[in-house]
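If you want the building blocks of each chain, they are given just below.
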Number of protein chains: 2
Amino acid sequence: MLIFAIRINVSQSNANPFKESFRDGAGWVDQMPGFISNHVLRPVNEGDPYVVFTIWTSRQDFINCVRSDAFTKGHAQSGTLPKDAFSQSNKLEMHEVVQDSTRPDLPPEPHGGPFKMH
Amino acid sequence: MLIFAIRINVSQSNANPFKESFRDGAGWVDQMPGFISNHVLRPVNEGDPYVVFTIWTSRQDFINCVRSDAFTKGHAQSGTLPKDAFSQSNKLEMHEVVQDSTRPDLPPEPHGGPFKMH
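Residues numbered from 1 in each chain as written. Chains lettered and ligands numbered in written order. Predicted model: local features only at pLDDT ≥ 70, side-chain atom pairs only at ≥ 80, totals over all residues. Heavy atoms only, no water.

(A) Here's a closer look at the pairing of strand β1 (residues 2–8) of chain B. All names here are of chain B. Burial analysis of β1 places 7 of its 7 residues in the buried class, the great majority of the element. Residues Leu2, Phe4, Ile6 and Ile8 line one face of β1 and the alternating positions Ile3, Ala5 and Arg7 line the opposite face, and both faces are buried. Bridge count between β1 and strand β3 (residues 50–56): 7 bridges; the pairing is antiparallel. Note on β3: the bridge partner recorded for Ala5 is Phe53. As paired strands, β1 and strand β4 (residues 91–100) are joined by 6 bridges and run antiparallel to one another. (Buried < 20%, exposed > 50% of the residue type's maximum accessible area, 1.4 Å probe, protein only. Helix = DSSP H or I, 4+ residues; strand = E, 2+ residues; numbered from the N terminus. Pairing = 2+ DSSP bridges.)

Written as structure tokens, this is what we have:
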């Protein structure tokens with residue numbers, strides 16, 4: 001199981017448009033094979049980023065998603081957000097799930113080595 | 001719904017003891033009221049932190065946990081990890097869940113203002 005997170009620094013004044021954009025635009029991901037879930041998180045403390053993360057059955061499912069036409073199309077939609085909504089570049093993070101309390105029998109995701117989006 | 005994350009930079013040589021420590025020691029959290037789930041994540045790319053996050057039904061449930069005897073006792077156990085396993089101090093992050101694809105009818109967690117552990 002794999003988690004892919006986008007960590008986004010949004011200036012306070014643009015926080016609401018950001019949230020609406022994600023609520024409206026993220027539905028396409030649910031249809032991808034191996035997709036488990038998607039969360040949108042608002043930081044409690046100033047200076048921490050918004051986080052959008054998706055959970056995948058395996059690294060291969062995530063890679064298949066990134067290479068799909070649906071991915072390109074879905075990201076074109078989120079381009080409607082004003083450029084100055086981002087006070088820094090997004091940070092992408094990928095983690096292998098070692099333990100999930102809701103699935104005690106899940107074997108840890110094998111270590112697949114580094115991965116870069118671009 | 002609230003997510004509390006500990007982001008831990010572990011030097012490569014100590015990565016395995018770290019994981020074992022968490023697998024053995026994190027069971028007490030499951031018993032706390034309002035606890036939903038706990039995940040332990042291994043970074044795919046060098047320089048990214050290990051992440052341990054717990055999901056709570058509400059901010060109040062998390063605060064009750066932090067103030068409990070079980071919390072103090074549970075954290076005493078994880079003190080068995082060698083000090084040099086941490087290349088920097090841990091970073092704590094708290095996020096309010098705005099959207100969870102597995103619970104489409106979940107209302108976004110209300111904005112509760114800043115929170116500091118210490």
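(B) Summary view of helix α2 (residues 59–66) of chain B. Across the 8 residues that make up α2 of chain B, a large majority, 6, are buried. When α2 of chain B is considered as a whole, its buried residues turn out to be Arg59, Asp61, Phe62, Ile63, Cys65 and Val66 of chain B.

(C) Structural detail: the sheet that holds β4 of chain B. Within the closed barrel, the 8 strands sit side by side as β1(A)-β3(A)-β2(A)-β4(B)-β1(B)-β3(B)-β2(B)-β4(A). Their pairing is antiparallel. On average, each strand axis in the sheet is tilted by 30° relative to the strand beside it, whichever way the strands run. (Axes fitted to C-alpha atoms, helices over the stretch in contact; angles between N-to-C directions.)

(D) Region of interest: the interface of chain B and chain A. Facing 43 residues of chain B, the contacting portion of chain A comprises 43 residues. When the two sides are added together, the surface that chain B and chain A hide from each other amounts to roughly 3,600 Å², 47% of it contributed by carbon and sulfur. For chain B, the biggest contributors to the area lost against chain A are Arg42, Val44 and Gln99 of chain B; these three give 21% of the whole. Our count for the contact surface shared by chain B and chain A stands at 6 salt bridges. Notably, a salt bridge pairs Glu93 of chain A with Arg7 of chain B, separated by 2.6 Å at the nearest N-O pair. The tally of links between chain B and chain A comes to 22 residue pairs in polar contact (both at pLDDT 80 or more). Breaking the side of chain B that touches chain A down by element, the ones donating at least two residues are β1, α1 (15–25), β2 (35–43), β3 and β4 of chain B. Of all the elements, β4 of chain B adds the most residues to the side of chain B that touches chain A, at 10 residues. Of the residues in the side of chain B that touches chain A, the class split is 20 nonpolar, 10 polar and 13 charged. The pairing of strand β2 (residues 35–43) of chain A with β4 of chain B spans 5 bridges and is antiparallel. (Contact = heavy atoms within 4.5 Å. Buried area = accessible area lost by both parts, 1.4 Å probe. Salt bridge = Lys/Arg side-chain N within 4 Å of Asp/Glu carboxyl O. Polar contact = N/O pair within 3.5 Å; in protein donor to acceptor, adjacent residues only side chain to side chain. Nonpolar A, V, L, I, M, F, W, Y, C, P; charged D, E, K, R; others polar.)

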